[in-house]
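Spelled out from the first residue to the last, the chains are:
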Amino acid sequence: LATIIILCSLRRFLPVLQGFMNMPMWQPIAKLSYSAYLIHTSILILDFCQRSSPVAFSAGAFFFSFVSFVVCSLGAALCIYLLVEKPASNLQMKVLGGGGE
């Protein structure tokens, strides 16, 4: 995976993969992924600290927990983006001028 990333960043190799990774459909995921990464540990801690019994493994419960954690993390990331990142980006554009998002 690291080799693919390095080859794409050099802009000399893998033009098909680079074109795929530069598609606009990845923009929303890219904007939310880091915030989701930062917030997901807090969501996991909130969930596991509120449990009154030990966690028992079952495939259905694991899948439900995974989906709910992903949805909660992305929802919180969307809130962070709309309430913090986007206004800060707009303010930066007004103060410093120029292009960008």
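Here the structure is shown first, and the text comes after it.
Here we summarise the structure given alongside this text. (Residues numbered from 1 in each chain as written. Predicted model: local features only at pLDDT ≥ 70, side-chain atom pairs only at ≥ 80, totals over all residues. Heavy atoms only, no water.)

Observations concerning the environment of Ile39
- One can find Ile39 in helix α3 (residues 27-49).
- In this structure Ile39 comes out as partly exposed when scored by relative accessible area, which is 22%.
- Along the backbone, Ile39 and Val71 are 32 residues apart, and their C-alpha atoms lie at a distance of 12 Å.
- Those residues within four positions of Ile39 in sequence are excluded, and the remaining contacts are Ser73, Ala76 and Ile80. (Helix = DSSP H or I, 4+ residues; strand = E, 2+ residues; numbered from the N terminus. Buried < 20%, exposed > 50% of the residue type's maximum accessible area, 1.4 Å probe, protein only. Contact = heavy atoms within 4.5 Å.)

Structural notes on a nonpolar patch on the surface
- A surface patch of nonpolar side chains, about 830 Å² in accessible area, is lined by Phe57, Phe62, Phe63, Phe66, Val67, Val70, Val71 and Leu74.
- With respect to the helices, strands and loops of the structure, Phe63 is situated in helix α4 (residues 59-96). (Patch = residues over 30% accessible without salt bridge, like charges linked within 9 Å, V, L, I, M, F, W, Y side chains within 5 Å. Areas by Shrake-Rupley, 256 points an atom, 1.4 Å probe, with all protein chains shown as cover. Salt bridge = Lys/Arg side-chain N within 4 Å of Asp/Glu carboxyl O.)

A word on the state of the cysteines
- According to the stated counting rule, one finds zero disulfides in the structure shown.
- We note that Cys72 lacks a disulfide partner, and the nearest cysteine sulfur, in Cys79, lies 11 Å from it.
- The partly exposed category is assigned to Cys72, whose relative accessible area is 43%. (Disulfide = S-S within 2.5 Å.)

Describing the packing of aromatic side chains
- Enumeration according to the criterion identifies three aromatic pairs in this entry.
- Each ring, one from Phe57 and one from Phe62, has its centre 6.0 Å from the other, and the planes form 50°; the classification is tilted.
- For Phe57, a relative accessible area of 69% corresponds to the exposed category. (Phe/Tyr/Trp six-rings, centres within 6.5 Å; stacked < 30°, edge-to-face > 60°.)

Digging into the packing of α3 against α4
- As a packed pair, α3 and α4 sit with axes 7 Å apart at the nearest point and diverge in direction by 125°. It follows that α3 is oblique to α4 by the angle criterion. Considering only the axes of α3 and α4, their crossing is right-handed. Residues Lys31, Leu32, Ser35, Ala36, Ile39, His40, Ile43, Leu44, Asp47 and Phe48 of α3 form the contact with α4, whose participating residues are Phe69, Cys72, Ser73, Leu74, Ala76, Ala77, Leu78, Ile80, Tyr81 and Glu85. (Axes fitted to C-alpha atoms, helices over the stretch in contact; angles between N-to-C directions. Parallel < 35°, antiparallel > 145°, perpendicular 65-115°, else oblique. Left-handed = near helix turned anticlockwise from the far one by under 90°.)

Comments concerning α3
- With 23 residues, α3 extends 34 Å from end C-alpha to end C-alpha; this agrees with the ideal 33 Å at 1.5 Å per step.
- At Tyr37, α3 shows its maximal kink, close to 35°.
- Every buried residue belonging to α3 is among Leu32, Ser35, Ala36 and Ile43, and all of these are buried.
- Those residues of α3 that are buried lie in contact with α4. (Expected span 1.5 Å × (residues − 1). Bend = angle between axes of the 7 residues up to and from the residue.)

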